[in-house]
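Here is what each chain is made of, one letter per residue.
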Amino acid sequence: MLTRKISYYILATCCISVGLYPIIYFVIDRKFGLLASKTDALLTDTLWNTMFYTHIILGGIALLIGWLQFNKKLRLKNLNLHRKIGKVYVISVLLSAISGFYIGLHATGGLSSKLGFTTMALFWFFSTLFAFTSIKKGNIIQHQKLMIYSYAACFAAVTLRIWLPILSNIFGGFLPAYRIVAWLSWVPNIIVAYFIIQYQFKNTN
């Protein structure tokens, strides 16, 4: 029980910290981090910028509030609040995933990066969409399973920022690390989500 609580608080801290990260782009020179690898032409493109800010702002909101949905006490105590947060999460994810797919098509690092990020965007979109349609049909168990997958994909925003500096040091550069992190940031998360689901719902099949 103590280990679960500690894990939950660590999860919450990571999600809040990275969820607030997009604020940085509005308070300092934005050409830092991942944007430092983008061309000037792309950085001045109106559509790309619209998609980029849609992705990071709404993705940040989803990350900020999504972890609350796994708090069983909060869900049982205030189901109406759970539903309201869920609606905000679903809308934020769907729009962030669509815009993420677009900017994924322009990802630095070539085909590997583009495939990694666009595939993640598709997985995030459909796992969230099907989680929503499941609860509308009254299938609570299916909804809960799919939301775990959805938030595992959302959590890629955290794992990307953990893996990228580590891999950059290992491979001696941003590009080779970025090609790998396009997949490593989310695929292991989905695998972990699978085992969490198998453990939590082992008596419901």
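Residues numbered from 1 in each chain as written. Predicted model: local features only at pLDDT ≥ 70, side-chain atom pairs only at ≥ 80, totals over all residues. Heavy atoms only, no water.

## Quick word on the confidence of the model for the chain
- For the chain, mean pLDDT is 88; residues scoring 70 or higher make up 87% of the total.
- The least confident element of the chain is helix α2 (residues 24–27), whose mean pLDDT is 66; the most confident is helix α7 (residues 111–136), at 97. (pLDDT = per-residue confidence, 0-100. Helix = DSSP H or I, 4+ residues; strand = E, 2+ residues; numbered from the N terminus.)

## Topic: the nonpolar core
- Counting residues in each nonpolar core, the largest one holds 41 residues, and the members touching the most others are Leu63, Tyr89, Phe117, Trp124 and Cys154.
- Where this core is concerned, the elements lending two or more residues are α1 (2–19), α4 (46–66), α6 (79–104), α7, α8 (140–154), α9 (156–171), α10 (174–184) and α11 (187–200).
- A per-element tally of this core places α8 first, with 8 residues.
- If you look at the next biggest cluster of nonpolar residues, it comprises 8 residues, including Leu35, Phe52, Tyr53 and Ile103. (Core = buried A, V, L, I, M, F, W, Y, C linked by side-chain atoms within 4.5 Å. Buried < 20%, exposed > 50% of the residue type's maximum accessible area, 1.4 Å probe, protein only.)

## Some remarks on the packing of aromatic side chains
- Overall, the coordinates contain 12 aromatic pairs when judged by the stated rule.
- Taken together, a centroid distance of 5.1 Å and an interplanar angle of 10° make the contact between Trp48 and Phe52 stacked. Here Trp48 and its partner Phe52 are both found in helix α4, 4 residues apart, which amounts to about one turn of the helix.
- Residue classification places Trp48 among the buried positions, given a relative accessible area of 2%.
- When its relative accessible area of 7% is taken as the criterion, Phe52 is described as buried. (Phe/Tyr/Trp six-rings, centres within 6.5 Å; stacked < 30°, edge-to-face > 60°.)

## Side note on the environment of Thr133
- With respect to the secondary-structure elements, Thr133 resides in helix α7.
- For Thr133, a relative accessible area of 29% translates into the label partly exposed.
- Considering only alpha carbons, one finds Thr133 and His143, 10 residues apart in sequence, at a separation of 8.0 Å.
- There is a polar contact of 3.0 Å between the side chain of Thr133 and the backbone oxygen of Phe130. (Polar contact = N/O pair within 3.5 Å; in protein donor to acceptor, adjacent residues only side chain to side chain.)

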